[in-house]
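For reference, the chains in residue letters:
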Amino acid sequence: MIAQFPQHVLEPAGREAARHLPLWWFMIIVSTTVYVIVIATLLYATLRRRQEPAADEATPERHRRAARGIIGATAVTVVLLLVFLVFDFTTHRALAAMPVAPLEVHVSGRQWWWHIEYPDTVPQRRVTTANEIHIPVGRPVLLKLTSPDVIHSFWAPNLNGKKDLVPGHENALVIQADRPGKFRAQCAEFCGHQHAKMALWVVAEPPAEFEAWLDAQRRPATPPTDSLARLGQQVFLTRTCVMCHAIGGTPAGSRFGPDLTHLASRLTIAAGTLPNTPGHLAGWITDPQRIKPGVRMPPNPLPPGELQALLAYLETLR
Ligand code: CUA
């Protein structure tokens, strides 16, 4: 069982996030110190003026002191900003270096879920999934980020900073996990009604487990064997489901919604909104608008027998 980590900027699990950490601490410590000094000076000046009204009477000596104070504060500000600039520049230069032979994963942000593809020169070996990225521990992963609708932002804080997914433009982000774990990631750019419920999980596994996962994802769905699941497949293929979803090995091939070929193997449904259990799945299929108002999926008030059969079928999609 791989440990699960909530998203956290101060708990880096990879080289990129670790590289951000000293910059983060430096900025917070310097900014807090400057803020405290400015507020303390302001309070001191205000209180002093109240206690001795003659204190701000202009004299040449006071003018000189004020000028020295202003020049000193300006010099300190310039030096601090320069240090910030150099620190920021060196950190981002180090992060911008492209790794050799990374694993490439294509991520497309949709309102409000994540379309994931593992490209391959052999079309049959390409993998399409949703809302879950599996990566091998210790190998750099190059995420190529796009969006067909609005601007989203990919943010897995334990692994790296944010990067926008911009319509008509491909962005790249490198992540690398140095230990196994399930890391929560979240859309970090307001992208409409259900922006908050646009999460995903990055699952870092030992390389052998990752390869086994990838192989399993390459296979089409196993045809259902028991009669209930077979009926469920008929429900899927004859009701509205088939208009938006694809299941490998069946006539269902729409790319409008998430690919469901291996739905039952995923951690969550509805882009990280609910745990992937038959009960939650039943609620989601019946009335997704109650769970994610505004989501593109319509309600599906199926007769109870058909819903049970559909759930039995979806549970076979391992
Ligand atoms: Cu996608 Cu916010």
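See the structure above.
Predicted model, so just to flag it, every value in this text is computed and none were measured.

**Student:** Whenever I open this one, the side chain of Thr128 confuses me. Can you help?
**Tutor:** By secondary structure assignment, the location of Thr128 is in strand S4 (residues 127–130). By relative accessible area, which is 17% here, Thr128 ends up buried.

**Student:** Would you explain the nonpolar core in this entry?
**Tutor:** Considering soluble globular proteins, one finds that nonpolar side chains tend to be buried as a cluster. Within the largest apolar cluster, 34 residues are counted, with the highest numbers of intra-cluster contacts made by Val107, Tyr118, Ile133, Leu143 and Phe154. Going through the elements one at a time, strand S2 (103–110), strand S3 (113–118), strand S5 (132–136), strand S6 (141–146), strand S9 (171–175), strand S10 (181–187), strand S11 (199–205) and helix H3 (207–218) are the ones with two or more residues in this core. Each residue touching Ile133, except ones within four places of it in the same chain, is listed here: Val105, Val107, Ile116, Tyr118, Leu143, Phe154, Leu200, Trp201, Val202 and Val203. Core analysis: the next-biggest nonpolar cluster, separate from the first, contains 25 residues, Cys241, Leu281, Trp284 and Met297 among them.

**Student:** Explain a nonpolar patch on the surface to me, please; I cannot follow it from the model alone.
**Tutor:** Where nonpolar side chains cluster on the molecular surface, the patch consists of Tyr35, Val36, Ile39, Leu42, Leu43 and Leu47 and spans about 610 Å² of accessible area. Summarising the element assignment, Val36 is placed in helix H1 (residues 15–51). A relative accessible area of 49% places Val36 in the partly exposed class.

**Student:** Would you explain the sheet that holds S3 in this entry?
**Tutor:** Strand pairs in the sheet, formed through backbone hydrogen bonds, run parallel or antiparallel to each other. With mixed pairing, the five strands of this open sheet are ordered in space as S4-S3-S2-S6-S9. Looking at the sheet topology across the chains shown, the edges are occupied by S4 and S9. Mean inter-strand twist for the sheet, computed between neighbouring axes without regard to direction, equals 25°. Pairing of S3 with S4, which is carried by four bridges, proceeds in the antiparallel orientation. Bridging from a neighbouring strand, Tyr118 pairs with Val127 of S4.

**Student:** What should I look at first to understand the pattern of salt bridges in this one?
**Tutor:** For side chains bearing opposite charge, pairing can occur when the charged atoms are close. For the coordinates displayed, the defined rule picks out seven salt bridges. The partner of Arg255 in a salt bridge is Asp259, and the shortest N-O contact between them spans 3.0 Å. Taking relative accessible area as the criterion, Arg255 reaches 44% and is therefore assigned partly exposed. A relative accessible area of 7% places Asp259 in the buried class.

**Student:** Just checking my understanding: could you explain helix H4 (residues 227–238) for this structure?
**Tutor:** For H4, with 12 residues, the first-to-last C-alpha span of 17 Å sits near the 16 Å given by 1.5 Å per residue. Taken residue by residue, H4 has Ala229, Gly232, Gln233, Val235 and Phe236 as its buried positions. The buried residues of H4 occupy an angular sector of 160° when the element is viewed end-on, so they sit on one face. Residues Ser227 and Thr238 are exposed on H4 and point more than 90 degrees away from its buried face. Buried residues along H4 sit in contact with helix H7 (304–314). For H4, the N-terminal capping position is held by Asp226, with its side-chain oxygen 3.3 Å away from the main-chain nitrogen of Leu228.

Rules used throughout
- The residue numbers shown here count from 1 along each chain, following its written sequence.
- pLDDT decides what is reported in this predicted model: residues at 70 or higher carry local features, side-chain atom pairs at 80 or more are listed and counted, and totals for whole chains, interfaces and linings draw on all residues regardless.
- Heavy atoms from the whole structure form the basis of all side-chain values; hydrogens and water molecules are not counted.
- Segments assigned H or I by DSSP are reported as helices when at least four residues long, segments assigned E as strands when at least two residues long, and all are numbered from the N terminus.
- Exposure is judged per residue with a 1.4 Å probe applied to protein chains only, and the accessible area is read against the type maximum: over 50% gives exposed, under 20% gives buried, and values in between give partly exposed.
- Note on terminology: a nonpolar core comprises buried Ala, Val, Leu, Ile, Met, Phe, Trp, Tyr and Cys residues joined through side-chain atoms within 4.5 Å.
- We call two residues in contact whenever any of their non-hydrogen atoms come within 4.5 Å of each other.
- For patch detection, residues must exceed 30% relative accessible area and be free of salt bridges, and they are connected within 9 Å for like charges or within 5 Å for nonpolar side chains (Val, Leu, Ile, Met, Phe, Trp, Tyr).
- Using a 1.4 Å probe, accessible areas were evaluated by the Shrake-Rupley method; residue-level cover was limited to the displayed protein chains.
- Throughout this description, the term salt bridge denotes a Lys or Arg side-chain nitrogen within 4 Å of a carboxyl oxygen of Asp or Glu.
- Only strands joined by at least two bridges in the DSSP assignment are considered to pair.
- Helix axes are fitted to C-alpha atoms over the stretch in contact, other axes to C-alpha atoms as well, and angles between N-to-C directions run from 0 to 180 degrees.
- Expected helix span is taken as 1.5 Å per residue step, with the number of steps being one fewer than the number of residues.
- By arc we mean the arc of the directions from the helix axis to the C-beta atoms, nothing more.
- We call two N or O atoms a polar contact when they sit within 3.5 Å, provided that within protein one can donate a hydrogen and the other can accept it, with sequence-adjacent residues counted only if both atoms are side-chain atoms.

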